[in-house]
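Here is how the chains run, residue by residue.
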Amino acid sequence: MKLLFITNEIPYPPDNGVRIVSYNAIRMMKEMGYSIALAILTDEPDSVDARFQKLLSFCDNGMAFYESLGTKSTLLTMAESIITNEPFFVTRYYNKNFKNRLSDLITKFEPDVVHIDLLPMLQYVNDIPNSVRKIASINDSYALTLENAIESGNYSGLMKLYKTFQLWQVKKYESKTCSLFDTSHLMTEVDATYLKNLNNEISTSVIPNGVCEDLFSIDIKNTNDINVLFIAKLEGANLVYLEKFIKGAWHLVIDECPNVKLHIVGKTGEASEKLKNSLDKRLNLNFCGYAETLSKAYSEKDISIVPINKNCGLVNKAIEGMAAGLAVVGFNATFQGIPPAVNGENCIAVDSYEEMAKAIIEIIKDDLKRDRIRRCARKIAKEYYSWKSRMKIYNEMYFPEAKDK
């Protein structure tokens, strides 16, 4: 049997929410003995060819390519998006060269199943023969993500007006396009329900991500001075939430516990440097940059903060922190996509930044409670979120007939 994966990032290394799904799906299906092909349309600037080469061992000979998206004027793309009434990311990711190369690959490879990763690439469903099973692996509903961001006050002025218009576009796009697939793969039941409410003809498969096995081997031990971790790509919404946390919670933590340090791990850029330079140097912030391995990032840490106030999608950093044996502190909404999460037992859930500060201070001062939560967190991560447990259900999503074998 043959699977073709279509992605908008080189799915290596599996270090963010985009790459984690496609990399592990490719890896697991290769281990099961299937033939794999890969088509990528990307605007990534970093080590694209070297990372692409890492994936060739999974793919059949000559059955993998990547195409650079190239630069497009943001204003022109926005104008075209408004004129065509399609979301910005759909207009941006239309590429004629990629479309032609994809058609050639489909002709040569003759896939049984096509897995398309994320909303910008779903438009290429029209290039796939009707006889081929089609999977829309979108992680979460972007419409619900936009609703969350607008309600959280992440936008103002003209940007809020544009995002409200975009929300209308995305709802329409998700409703129509996801119905063209045999199933839409999502991380949580919250997103699946939202999508089906948009269009009850959409079929959904809910399979949450797993976590890197290396995280389970990190020692659970208290450090001399409590080390708190924030890990994410430092751009966009992640930076918004980080700034809100620092200004709304972290200064309160430092006032009460002056020796505690916040380690901020993630790829930096102009926006993150601007934020870093604007912050009070007395806040004990350590901008660490990109970590080559997750285990290195999570080692020697006690508490992981996930100040992402949204009820859509699976927050990978929450389950990674639990797997690493850290006490994870986040919003109640953060844990809605993690059914085994129980506040006060294996995580700490709050409703505001001020509550987050109080919860962090409390757990810093209570060694026994912190240790208990850390050990319970790892236990549920091992039980519910190992990648090994996902191989069978991924196989059944791609090949439903496998359920009967």
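This report concerns the structure included in the present document.

Rules used in this analysis
Residues numbered from 1 in each chain as written. Predicted model: local features only at pLDDT ≥ 70, side-chain atom pairs only at ≥ 80, totals over all residues. Heavy atoms only, no water. Helix = DSSP H or I, 4+ residues; strand = E, 2+ residues; numbered from the N terminus. Salt bridge = Lys/Arg side-chain N within 4 Å of Asp/Glu carboxyl O. Buried < 20%, exposed > 50% of the residue type's maximum accessible area, 1.4 Å probe, protein only. Polar contact = N/O pair within 3.5 Å; in protein donor to acceptor, adjacent residues only side chain to side chain. Contact = heavy atoms within 4.5 Å. Axes fitted to C-alpha atoms, helices over the stretch in contact; angles between N-to-C directions. Parallel < 35°, antiparallel > 145°, perpendicular 65-115°, else oblique. Nonpolar A, V, L, I, M, F, W, Y, C, P; charged D, E, K, R; others polar. Pairing = 2+ DSSP bridges. Core = buried A, V, L, I, M, F, W, Y, C linked by side-chain atoms within 4.5 Å.

The next subject is unusual backbone geometry. Between Tyr 12 and the following residue, Pro 13, the backbone shows a cis peptide bond with an omega angle of -10°. Take Pro 13: it is sitting in the loop between strand E1 (2-7) and helix H1 (17-31). The phi angle at Glu 110 is positive, at roughly 55°, despite the residue not being glycine. Considering the arrangement of structural elements, one finds Glu 110 in the loop between helix H5 (96-109) and strand E4 (113-117).

We now examine the pattern of salt bridges. Across all of its chains, the model carries 23 salt bridges by this definition. Among the ionic pairs, Lys 317 bridges to Glu 320, the shortest N-O distance being 3.3 Å. Within this pair, Lys 317 and its partner Glu 320 are both found in helix H12 (residues 316-323), separated by 3 residues, close to a single helical turn. For Lys 317, a relative accessible area of 16% puts it in the buried group. Put simply, Glu 9, Asp 15, Arg 19, Glu 44, Asp 46, Arg 51 and Lys 267 are held in one network by salt bridges that share partners.

A word on the side chain of Asn 209. Relative to the assigned elements, Asn 209 resides in the loop between strand E7 (204-206) and strand E8 (227-231). Look at Asn 209 and you get buried, because its relative accessible area is 1%. Side-chain polar atoms of Asn 209 contact the side chain of Asn 316, separated by 2.8 Å. Sequence-distant contacts of Asn 209, that is, excluding residues within four places in its chain, are made with Ile 20, Val 21, Met 187, Leu 314, Asn 316, Ile 319, Tyr 385, Trp 387, Arg 390 and Tyr 394.

A few words now on helix H6 (residues 142-151). Burial runs high along H6: 7 of the 10 residues are buried. The complete set of buried residues in H6 reads Ala 143, Leu 144, Leu 146, Glu 147, Asn 148, Ala 149 and Ile 150. Summarising the contacts, the buried residues of H6 are in contact with helix H7 (157-177) and helix H8 (189-198). One side-chain oxygen at the N-terminal end of H6 lies 3.4 Å from the backbone nitrogen of Ala 143; it belongs to Ser 141. Looking one or two residues past H6, Gly 153 carries a phi angle of roughly 80°, positive in sign.

Moving on to the packing of H1 against helix H15 (residues 391-398). Interaxial distance between H1 and H15 falls to 10 Å at its minimum, and their mutual angle equals 90°. Comparing their axes, H15 and H1 come out roughly perpendicular. Residues Val 21, Ala 25, Met 28, Met 29 and Glu 31 of H1 touch H15, and the partners they reach there are Met 391, Tyr 394, Asn 395 and Tyr 398. Its residues assigned to classes, the contact of H1 with H15 shows 7 nonpolar, 1 polar and 1 charged.

The subject of this paragraph is the sheet that holds E8. Strand pairs in the sheet, formed through backbone hydrogen bonds, run parallel or antiparallel to each other. The strand order across the open sheet formed by 6 strands is E10-E9-E8-E11-E12-E13, and the pairing between neighbours is parallel. Looking at strand neighbours, the two that pair on one side only are strand E10 (285-289) and strand E13 (348-350), the edges of this open sheet. For this sheet, the mean inter-axis angle between neighbouring strands, taken without regard to orientation, is 25°. As judged from the 2 bridges shared by E8 and strand E11 (residues 303-306), these two strands associate in the parallel manner. Residue Val 228 lies in a different strand from E11, and its bridge partner there is Ile 303. Across the sheet, helix H9 (residues 236-256) lies against E8, strand E9 (261-265), E10 and E11, angled at about 175° from E9, the strand it touches most.

Looking now at the environment of Ile 319. By the element assignment, Ile 319 lies in helix H12. On the basis of relative accessibility, which here comes to 1%, the residue Ile 319 falls in the buried class. Each C-alpha atom, one on Ile 319 and one on Tyr 385, is 7.6 Å from the other, the two residues being 66 residues apart in sequence. In this structure Ile 319 touches Asn 209, Gly 210, Val 211, Leu 314, Ile 338, Ala 381 and Tyr 385, once residues within four positions along its chain are discounted.

Burial of strand E5 (residues 133-139) is extensive: 6 of the 7 residues sit out of reach of the surface. The pairing of E4 with E5 spans 5 bridges and is parallel. Bridging across to E5, Val 114 finds its partner in Lys 134. As paired elements, E5 and strand E6 (residues 183-186) share 4 bridges and run parallel to each other. Counterpart to Asn 139 in the pairing with E6 is Leu 186.

Quick look at the nonpolar core now. Soluble, globular proteins show a tendency: their nonpolar side chains are buried together. Counting residues in each nonpolar core, the largest one holds 98 residues, and the members touching the most others are Phe 245, Tyr 298, Ile 303, Tyr 394 and Tyr 398. The element contributing the most residues to this core is H9, with 9 residues. Counting residues in each nonpolar core, the second largest holds 42 residues, with Ala 39, Tyr 124, Val 125 and Ala 136 among its members.

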